[in-house]
Each structure stands twice: as structure tokens, then as C-alpha cells.
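Working through the structure, step by step
Letter by letter, the chains look like this.
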Amino acid sequence: MNKVKIALLGLGNVGKGVWEIFKNNTEEIIRRSGCEIEITKILVNDINKDRGIEVPNEILTDNIEEILNDNSIQIIVELMGGVDPAADYILRAIKSKKHVVTANKQLIAIQGKELLDLARKEGVLFYYEGSVAGGIPILKGIEESLTANKIEEIVGIINGTTNYILTKMSLEGMDFETALKEAQEKGYAEADPTSDIESYDAVYKLAILTSLSFGINVNVNDIYREGISKISSHDIQNAKEFGYTIKLLAIAKERGNSLELRVHPTMIPLNHPLSNVNDSFNAILIKGNAVGDLMFYGRGAGSLPTGSAVASDIISILRNDMTLRSISLVENADLQKTILPREEFTSRYYLRLTVKDVSGVLGQISTILGKNDVSISSFIQKGEKDANNIVRIVFITHDTLEGNIMKSIEDLKKLEVVDEIKNLIRVEKFI
Ligand code: HSE
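Residues numbered from 1 in each chain as written. Predicted model: local features only at pLDDT ≥ 70, side-chain atom pairs only at ≥ 80, totals over all residues. Heavy atoms only, no water.

The name that an unreviewed UniProt entry assigns to the protein is Homoserine dehydrogenase, with the source organism given as Clostridium pasteurianum BC1. For the protein, the Catalytic activity (unreviewed entry) comment in UniProt is given as "L-homoserine + NADP(+) = L-aspartate 4-semialdehyde + NADPH + H(+)". If you open the UniProt record of the protein and go to Cofactor (unreviewed entry), you find "a metal cation". (UniProt positions renumbered as here; feature names shortened; annotations may be inferred.)

**A look at the packing of helix α5 (residues 105-122) against helix α10 (residues 200-214)**
One can describe the packing of α5 onto α10 by two numbers: an axis separation of 8 Å at closest approach and a directional angle of 50°. Taken together, α5 and α10 sit at an angle that is classed as oblique. The crossing of α5 and α10 is left-handed. Two secondary-structure elements touch here, α5 through K105, Q106, I108, A109 and I110 and α10 through D201, Y204, K205, A207 and I208. Here the contact of α5 with α10 is composed, by residue class, of six nonpolar, one polar and three charged. (Axes fitted to C-alpha atoms, helices over the stretch in contact; angles between N-to-C directions. Helix = DSSP H or I, 4+ residues; strand = E, 2+ residues; numbered from the N terminus. Parallel < 35°, antiparallel > 145°, perpendicular 65-115°, else oblique. Left-handed = near helix turned anticlockwise from the far one by under 90°. Contact = heavy atoms within 4.5 Å. Nonpolar A, V, L, I, M, F, W, Y, C, P; charged D, E, K, R; others polar.)

**As for the site of the ligand**
Taken together, K105, N159, G160, T161, Y188, A189, E190, D196, D201, K205, G300 and A301 make up the full set of residues adjacent to the ligand. Take K205: an N or O atom from its side chain is 2.8 Å from an oxygen atom of the ligand. The protein chains hide 94% of the 260 Å² of surface that the ligand would expose on its own. Where the shell around the ligand is concerned, the elements lending two or more residues are α7 (160-172) and α10. (Near = heavy atom within 4 Å. Polar contact = N/O pair within 3.5 Å; in protein donor to acceptor, adjacent residues only side chain to side chain. Areas by Shrake-Rupley, 256 points an atom, 1.4 Å probe, with all protein chains shown as cover.)

**Digging into the packing of aromatic side chains**
Describing an aromatic ring pair means giving the distance of the ring centres and the angle of the ring planes. Tallied over the entire structure, the rule returns five aromatic pairs. When the ring of F281 is compared with that of Y297, the centres are 5.0 Å apart and the planes differ by 0°; the resulting orientation is stacked. Linking F281 in strand β11 (residues 281-288) with Y297 in strand β12 (residues 292-299), this pair joins segments that are 16 residues apart in sequence. We classify F281 as buried; its relative accessible area is 19%. Residue classification places Y297 among the partly exposed positions, given a relative accessible area of 46%. Directly above the ring of Y127 sits K140, whose terminal nitrogen or CZ lies 5.9 Å from the centroid. Lying over the aromatic face of F345, R262 brings its terminal NZ or CZ to 5.4 Å of the ring centre. (Phe/Tyr/Trp six-rings, centres within 6.5 Å; stacked < 30°, edge-to-face > 60°. Buried < 20%, exposed > 50% of the residue type's maximum accessible area, 1.4 Å probe, protein only. Lys NZ or Arg CZ within 6 Å of the ring centre and 35° of its normal.)

Structure, rendered in C-alpha cells:
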């Protein structure tokens, strides 16, 4: 039996998952890979830290050179996260002709093309299924099973932490901080949860999905991004009354020769399948011009689900018998598509504001919306006026250009009767 030695860089949540999977599923892994896989070294920051799992102390090292200079190690599994020093370690591993597996979405989204080009040049394999949507085999799905399609649209819930928080706020009335703390305890959140809450994590994942699906190399700064920190219990309650739930959606839509790329909280109809994707679960809808609508659903974060994707990538490398397979991810970067500016997005909008309870206020607001070509679909006034004579009102618009909504908000802010623009949330109607 072929014996293969591998090294893990990092023994956090996902690293521990990979270790457990190799320990518990040894027979399956031998049967499917045809190899006996041995994790011979693990790079950690602190060798003496108690990690709550049984790992022989002698395989832990805090010296990357011990791994990179060890010619018996054939595969490097990077699970440290972040760009620095992960990028440098991976570059050096590739140059030492080691195959690479990573779950590092930030690194792939920012430097994926460069690393993959180098891997191809050096004749090594490089897989990163765990970087998007945890245990869901979405990258292999796109790369292997949908290659005959022109992909037209991707709409996904691809961050487990924010989905957990929004679910707890919607279904249990939990406050934001408690829900975030629970998500962290369950091991879903990034080391710094800002990346989850402010949607950077989802932007990295959408960049990877877009590169794969539309054949362009996306700059993460070209993806419009909004986090969930402005969503209040008022918005959650109002959404329910209008027949919606609020989810953080990552959206890539082809519009002619352009792409609309955006990540933001979105109201979706309660009867849409995505509205029932709860807790840390992820789901990705893909529309292909031959296959039609597909939905991938599963655990998008956590130790074993992400470990499952990583361990399977290791097996994929071994199944390829260490011979080079073409890696087409992010390969067609020369395809030209422009990224639509925010002003040209089209959506429906939920607008929540507080206004003075005086006669003519609604007339003034609807005049401004009308002047900017924004047509109102629904309107509600919430509760009674407060001691300062302020009332809460909510509008939902018909489809409109985002530029028109932005202009309307600027104009509304100037009205003396408008107290505050509280929130603007896009409403996806799915046609
Ligand atoms: N923090 C990420 C999430 C982990 O919550 O989805 C998986 O990428």
C-alpha cells in the first residue's frame, strides 16, 4: 500500500475536524484513496496548548522550516486562515513540489489566480473546496458537474455565522450579541467575527464562486458589500408582516455583458426555499442555461463539515495518482465582463424611516419618490407617535434602479418632516 505523508498548517477548528476524520474514517479513506495517509507534522503557534483532542506531542512543531524542508511530506494542508503568512508558506510549498489543500477563502479570493498559475507551472495539484460553504461540494459541483452550462445566476446564503444570528433573531427573538456569542461557541465564526458580520467572508466566497462560474478573475473590492449589524428587531418584525424573512444573500447575476455582484441583507419571500435555510446551514442556488435551477444545501461552517471538504480534497489529490490534472479554477481571466456599479443594480427596496406626525408628510415623501422614478408597492405606519410627535413608517417599492433610491434618500434627508432614515433593505422577489 502506498504510504503518503501530509502536514497540517494550523490545528484550530477545521484542523481538529480533519484530524478526527482521518482517525474515525480510516477504512473509508484507505479504500477510496488507495493510500495510507499519515499526518506526520502539524504547525501550531503554541506546542503546549491544551486543544482538547489527542494528538501526539511529537508531531507538533512551531517551525515551518521543519515541514517545508521535509521531502517526505507530499501534501501541505493550510488551515491557518488569513493571507500572511499563509500565502508565503503555500508559495514555498508549491516550489518544493508539494501538493496543496486549503480552506482559506480570503487567500484564494485575493491571490488564488497567482497561486494556481504557479501550481500548474510547478506540476502540483491545488484544491480548495473547503473555502466556500464548508461541507457543501459546491466548487466540485461547478467544476465537474456543470461544465456544460453557461451559468446565469448564483444566489446563496454562504456565511454560517450571520445565518445563525439572523435565524435566532427571527425565530427566537434573540438579541444580536447573544446570537453572535453562541455562533462563536459553536465554532462557526472567524477569529475576528467582523469578517462574518460585515460580510467580508461572504464577499471572498462570492468572488471565488464568480470566478469559477463566469470565468473572470474578480477583484474583491468590486463586489458591493453590506453587513448585518444594522438589522434591528423592527426590520425583522416588519419583514414578517410583509411576508418576508431577512437573509444575508450573496448574489451574482449576468446582465448582458456585465455582472451584478453584491452581498447584503435581503428580504426574501417566506415561501421561498432559501427562507427555510436556518442556523449555520448554507444554501446556494445556481441557474444554468441547460440544467435550470439547482440548489445545494448543507452545513456551511464548523469543524467536521469543513474538515470533510478538506479531507476529500486530500483524497482527490491521491486519486489523481499525483499526476497533474488541469485545474481550471479562475483560469479564464481573459474573458471580459464589466462589473455593474451600484447605481445600476435593480431591486425592490424596503425603506424604514421616522417622520414628524404632521399633515402632508406622506405627500412630501411620495412626491420625492415619484420625482426620482421610484414607485411604491406597499406602505405601513407602525404604532403610535412617541412623546416627540415622531412616527415610524415603512415603504416597499416596485423594481427600481438603486441609483434612483440613493437619490431619493438624499432628497428625503433634506425634508424638515423627516426625522431619520433608519434602514434600507433590498427585497428579492425571485422570478
Ligand atoms: N465564518 C465562516 C462562516 C466559516 O460563518 O460561514 C466558514 O467559512
